[in-house]
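Given next are the chains, with one letter for each unit.
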Amino acid sequence: MVVKSEDRDVWRAQLEKGAFSDALAYAFTPAQRDIVHARQGDALFDEGKYMLAARSYAESTKSFEQVSLRFVDVDERDALRAYLLSRLDKLDKKDLTQRMMIATWLLEIYLSKCNTLEDLVAAESATTDVQNLTMEREMVEDDLKTFMKDYKANLEPSVVYELILGHGRTDLYLYFAELNKDHAKVVEHWVTEEQWGKAIEVLGRQDSVELYYRFAALLMRNAPKQTVDAWMKQTALIPRRLIPALLQQRSEPLASNQAVRYLEYVVQRLGSTDSTIYNLLLTLYASDPDSDDGPLLRFLSSCPDDPITEKPYYDLDYALRLCKARGRIQPCVHIYSRMGLYESSVDLALEKGDLELAKINADKPEDDDVLRRKLWLKIAKYVVQEKGDIKSAMKFLESTDLVKIEDILPFFPDFVVIDDFKTEICNALEDYSARIDELKLEMADATRSAESIKRDIDALATRFVAVEQSDKCWHCGAGLTSRQFYVFPCQHAFHADCLVTLVSYLKPQVN
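Nothing here was measured: the structure is a model prediction, and the numbers come from that model. (Residues numbered from 1 in each chain as written. Predicted model: local features only at pLDDT ≥ 70, side-chain atom pairs only at ≥ 80, totals over all residues. Heavy atoms only, no water.)

Colleague: Help me understand the side chain of Arg328 in this model?
Modeller: With respect to the helices, strands and loops of the structure, Arg328 is situated in the loop between helix H19 (316–325) and helix H20 (329–338). Judged by its relative accessible area of 5%, Arg328 is buried. Of the polar contacts made by the side chain of Arg328, one reaches the backbone oxygen of Asp290; its length is 3.1 Å. Excluding anything up to four places from it in sequence, Arg328 contacts Tyr285, Ala286, Asp288, Asp290, Ser291, Asp292, Asp293, Leu296 and Cys323. (Helix = DSSP H or I, 4+ residues; strand = E, 2+ residues; numbered from the N terminus. Buried < 20%, exposed > 50% of the residue type's maximum accessible area, 1.4 Å probe, protein only. Polar contact = N/O pair within 3.5 Å; in protein donor to acceptor, adjacent residues only side chain to side chain. Contact = heavy atoms within 4.5 Å.)

Colleague: Even after reading the chapter, I still don't get the packing of helix H4 (residues 50–59) against helix H6 (residues 77–90), so can you show me in this structure?
Modeller: In a pair of packed helices, the angle between the axes and the distance between the axes together describe the arrangement. It is at 8 Å that the axes of H4 and H6 come closest, and there the two elements cross at 20 degrees. Accordingly, the angle class assigned to the pair H4 and H6 is roughly parallel. The crossing of H4 and H6 is right-handed. In this structure, H4 contributes Tyr50, Met51, Ala54, Tyr57, Ala58 and Glu59 to the contact, and H6 contributes Asp78, Ala79, Ala82, Tyr83, Ser86, Arg87 and Lys90. (Axes fitted to C-alpha atoms, helices over the stretch in contact; angles between N-to-C directions. Parallel < 35°, antiparallel > 145°, perpendicular 65-115°, else oblique. Left-handed = near helix turned anticlockwise from the far one by under 90°.)

Colleague: Would you explain the pattern of salt bridges in this entry?
Modeller: Opposite charge on two side chains makes pairing possible when the charged atoms of those side chains draw close. Applying the stated criterion across every chain yields a total of 19 salt bridges. Arg214 serves as the salt-bridge partner of Glu188, at 2.1 Å between the closest nitrogen and oxygen. Of the two residues, Glu188 sits in helix H11 (residues 183–192) while Arg214 sits in helix H13 (residues 209–222), which places them 26 residues apart along the sequence. Put simply, Glu201 and Arg205 hold a salt bridge, and the shortest N to O gap is 3.6 Å. Through salt bridges with shared partners, a single ionic network connects Asp78, Arg81, Lys113 and Glu136. (Salt bridge = Lys/Arg side-chain N within 4 Å of Asp/Glu carboxyl O.)

Colleague: Got a minute to help me understand unusual backbone geometry in this structure?
Modeller: Peptide bonds are trans in most cases, and residues, glycine excluded, mostly fall at negative phi. The backbone of Glu194 sits at a positive phi, close to 60 degrees, despite the residue not being glycine. Within the fold, Glu194 resides in the loop between H11 and helix H12 (196–204). Notably, Glu310 is not glycine yet its phi reads approximately 60 degrees, a positive angle. If you trace the backbone, Glu310 turns up in the loop between helix H18 (294–302) and H19.

Colleague: What should I look at first to understand the nonpolar core in this one?
Modeller: Membership of the largest hydrophobic core comes to 114 residues, with the highest contact counts inside it found for Phe71, Leu144, Phe147, Met148, Trp231, Tyr262 and Tyr314. Among the elements that take part in this core, helix H7 (residues 96–124) stands out by supplying 10 residues, more than any other. Discounting residues that sit within four places of it in the chain, Leu144 has contacts with Leu107, Tyr110, Leu111, Cys114 and Leu172. Counting residues in hydrophobic clusters, the runner-up holds five residues, among them Phe20, Ala23, Val36 and Ala43. (Core = buried A, V, L, I, M, F, W, Y, C linked by side-chain atoms within 4.5 Å.)

Colleague: Please clarify how the side chain of Gln234 should be interpreted in this entry.
Modeller: Note that Gln234 resides in the loop between helix H14 (224–233) and helix H15 (243–246). Side-chain polar atoms of Gln234 contact the backbone nitrogen of Ala236, separated by 3.2 Å. Every residue in contact with Gln234, bar those within four places of it in the chain, is listed here: Gln206, Asp207, Val209 and Tyr212.

Colleague: Even after reading the chapter, I still don't get the environment of Cys332, so can you show me in this structure?
Modeller: Here Cys332 lies in helix H20. Considered as a pair, Cys332 and Ser344 are 12 residues apart in the sequence and their alpha carbons are 9.6 Å apart.

Colleague: Just to check I follow, could you spell out the environment of Val159 for this structure?
Modeller: Mapped onto the fold, Val159 is located in helix H9 (residues 157–166). Take Val159: its relative accessible area is 34%, and that puts it in the partly exposed class. It is 8.1 Å that separates the C-alpha atoms of Val159 and Thr104, two residues lying 55 residues apart in sequence.

Colleague: So what exactly am I meant to see when it comes to the packing of aromatic side chains here?
Modeller: The way to describe two aromatic rings as a pair is by their centre distance and the angle between their planes. Taken as a whole and judged by the stated rule, the model has 17 aromatic pairs. A ring pair is formed by Phe45 and Phe71, whose centres lie 5.5 Å apart and whose planes are at 65 degrees; its orientation type is edge-to-face. On the criterion of sequence distance, the pair formed by Phe45 in helix H3 (residues 30–46) and Phe71 in helix H5 (residues 64–73) is long-range, its members being 26 residues apart. For the pair shown, Phe45 and Phe71 are each scored as buried. Centre to centre, the rings of Tyr57 and Phe71 are 6.1 Å apart; their planes meet at 80 degrees, and the pair counts as edge-to-face. A residue pair is termed long-range when its members are at least 10 positions apart, and Tyr57 in helix H4 and Phe71 in helix H5 qualify at 14 residues. Residue classification places Tyr57 among the buried positions, given a relative accessible area of 0%. Members of the aromatic cluster, connected to one another through ring pairs, are Phe45, Tyr50, Tyr57, Phe64, Phe71, Tyr83 and Trp105. (Phe/Tyr/Trp six-rings, centres within 6.5 Å; stacked < 30°, edge-to-face > 60°.)

Written as structure tokens, this is what we have:
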């Protein structure tokens, strides 16, 4: 008689007696253990020990739908949550659909639990000590955040956002968005709440430049300084794409215009060469309600030139039209000069009565004395005819060497008494007399030089060089008198053909 596998049915005997621990100890196959866990879960469920029952059910292969419905029927959400978590952990990673469905269901259960506890805390806070309820709520919220962090791969973001907002949990909404690095959702939320500072803070914590462009206009309108501060920290931005937002500050004074501050940073610190940026900055300067032309003139004067076109990066024609429309006279004069229209610049300066500005522009064509003299004559005519002041006209002559007293005399009216400026005329005549004396001396020197040159020419007619029969050509060394030759005052002698050869050889080198 051979005894073999005598204990094979012990697990069943222990199971019938309800000794589930012993039954598990003698259950040697997965099928046996599965039966034990299922029967243990049923027993614990019947006894009302739902959390323990959930653990046992999770270890068995009992129908998921059946177990879930049992907990739903008795409204045991905590036990159901524990069961679902256990089943979720045991599901294969490849079962994406099942994992997503269970994870979403768990999220709903967690949110409902949080809301229930929050309602209890609010309802009982006036009558009883709610410390335990508060602690439980905090624990459940911590568990929910941990769950979202661990299983975010099994949660569909759009569904999660909808569920969380449906339960009115903004804090969890922001937590999940941060968890998924969905900064756009976070910024949208703070923008909706009109918390501009928090929205800009979130922008600064992420690297997507598209979000900057997306919210640029709205933030610039409501928090311009903070917005520009954030832009200046993000050097990857393309300033041209921010132009619609920058135009939100168009009517602001320069002192508080954040668009000007950002554009100056782009031009001066980033070294932008984008003509659109320069034209916009020019527009903002010219549109300033303050009548001071200083900032605009400094910008026009300091703007670098394009090395290819040799013109400033802003559009000169546009700048001229804009400054004319805004009544910016000094900038217009400057622009005329940059365009090489010096006559127009002087005419405009004189039209507005700015004599000093006219003088400055009259001296700008440094390489064209004829044009400079013409411009100074314009100014002289203005001084004489418009001012009508003889002393001012005489003082004006001290400003330049290009215009003399005789140049401005035709501009005076016929009835002017010469006594008013006879001193200046006498001084001019004395200068001419001195100049005539200088010219006489120069003419005398020129005459002496001409006579000396004439004597040298006469002497050349009788000048000769003695050639010996033994003299040789400096090039070929043959006898000099053997054929046609040339002799130079320096005593060098060459055959005519040798000299032609030398000249032909040296000519390319000279070129």
